[in-house]
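Residue-level structural notes
Next come the chains, spelled out residue by residue.
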Amino acid sequence: MKKHVVITGAGGYIGSVATSLFLEAGHTVTAVDSLVRGFRQPLDILRERYGADRVRIVETDVKTGSDAIFENVEPVDTVLHYAAFCNVGESEKHPEMYFDNNIAGTLSLLEAMRKHGVRKLVFSSTCSLYGEPQHETLDESHPVDPKSHPYSESKYMAERVIDWYSRVHGIKYVALRYFNVCGATDDGIIGDSKKPSFHLMQNAVRGALGIAPFYLNYTPVNTADGSPIRDYVNVVDLNRAHLLAVDYLDTIERADLFNLGTGTGNSVLEIIRTVETITGTKLELKEGERRKGDVSKAIASNEKITKKLGWKPVHSIEDSVKSLVTWYTARPNGWEY
């Protein structure tokens, strides 16, 4: 069934790809972004492609303007809350920004949903709230230890706020705990526009294409090649899980959460070698500012999301690199503000 959904953070990297996929699937989208860190251009492109009757753009900050999202509009079925600050290094320097934006913004959005009778939410969360893995793969029962940096703490606190609104006010929700996001849309038209990106693969591709210098920011860890191992999930695959989650909300009584990753891992240096192979460019590995709180290995168990939602990844690491090469070749400077 086609629905009217709200996508917050719709002008950001993951949110703009989400907006594209939901429109492609036939849904109507209210695309919300403050444009402080998101971009208007991908939303304008999508509105031109799908029509103003299918794409409503609301420029507002969810912390202060959430009511505007739901006023004078056809009933909203589900909210997909992507909007958040997500730079780990920045959160370590400015924790106040992350607790204000990520927690207060979620609270304001929930209040507006309660006020306007919207009772379904899909929340973008993070695997980093698990802390140092205690098992080979991370399932949803793994202990939570979000103390590694304020970003993780802010997302976990937002989860707790959502859960209380679910218990008290009847808002059903699905929380999706992302692993490492990579790639662009398959046609390379919509991708990551942050400069620099927060993501390894994106920065490596930019370096290989000569767009910007590439630096290694990881802290050496106890793995075979000394670089952290992560679970890299393609941004299109990731957003397909959100499409499934919206339908899943119609079948549950209150709440559920899922890890969102491929179930396999690649080291930082393996990703770099893949970028080098596909682009035909040897990257000079310069040491940048080391990140604190890096765990050595984080791989998802995706058994639960596969079983309950029927989701499974279809894009390879090579697919993600190739889509990013197409994206950055067409828009080396990304979107314009």
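For the structure, see preceding data.
Here is a short report on the structure shown in this document. (Residues numbered from 1 in each chain as written. Predicted model: local features only at pLDDT ≥ 70, side-chain atom pairs only at ≥ 80, totals over all residues. Heavy atoms only, no water.)

1. Digging into the environment of Ala 68
Assignment of secondary structure puts Ala 68 in helix H4 (residues 67-70). Classification of Ala 68 as partly exposed rests on a relative accessible area of 35%. With 118 residues separating them in the primary sequence, Ala 68 and Asp 186 have C-alpha atoms 33 Å apart. (Helix = DSSP H or I, 4+ residues; strand = E, 2+ residues; numbered from the N terminus. Buried < 20%, exposed > 50% of the residue type's maximum accessible area, 1.4 Å probe, protein only.)

2. Let's talk about the sheet that holds strand S2 (residues 28-33)
Spatial strand order, S3-S2-S1-S4-S5-S6-S11: seven strands in an open sheet with parallel pairing. Each edge of the sheet is formed by a strand with only one pairing partner; in this case those strands are strand S3 (55-59) and strand S11 (255-260). Strand-to-strand twist across the sheet, computed as the mean angle between neighbouring axes with direction ignored, equals 15°. Across five bridges, the pairing between S2 and S3 is parallel. Looking at S3, one finds that Asp 33 is bridged to Glu 59. (Pairing = 2+ DSSP bridges. Axes fitted to C-alpha atoms, helices over the stretch in contact; angles between N-to-C directions.)

3. A closer look at the pattern of salt bridges
Using the criterion set out here, one finds 22 salt bridges in the structure. Between Asp 145 and Lys 147 there is a salt bridge; the shortest N-O distance is 2.3 Å. Look at Lys 147 and you get exposed, because its relative accessible area is 64%. One salt bridge in this structure joins Glu 276 and Lys 282, with 3.9 Å as the shortest N-O distance. Given a relative accessible area of 9%, Glu 276 falls into the buried group. Looking at Lys 282, the relative accessible area reads 64%, which means it is exposed. (Salt bridge = Lys/Arg side-chain N within 4 Å of Asp/Glu carboxyl O.)

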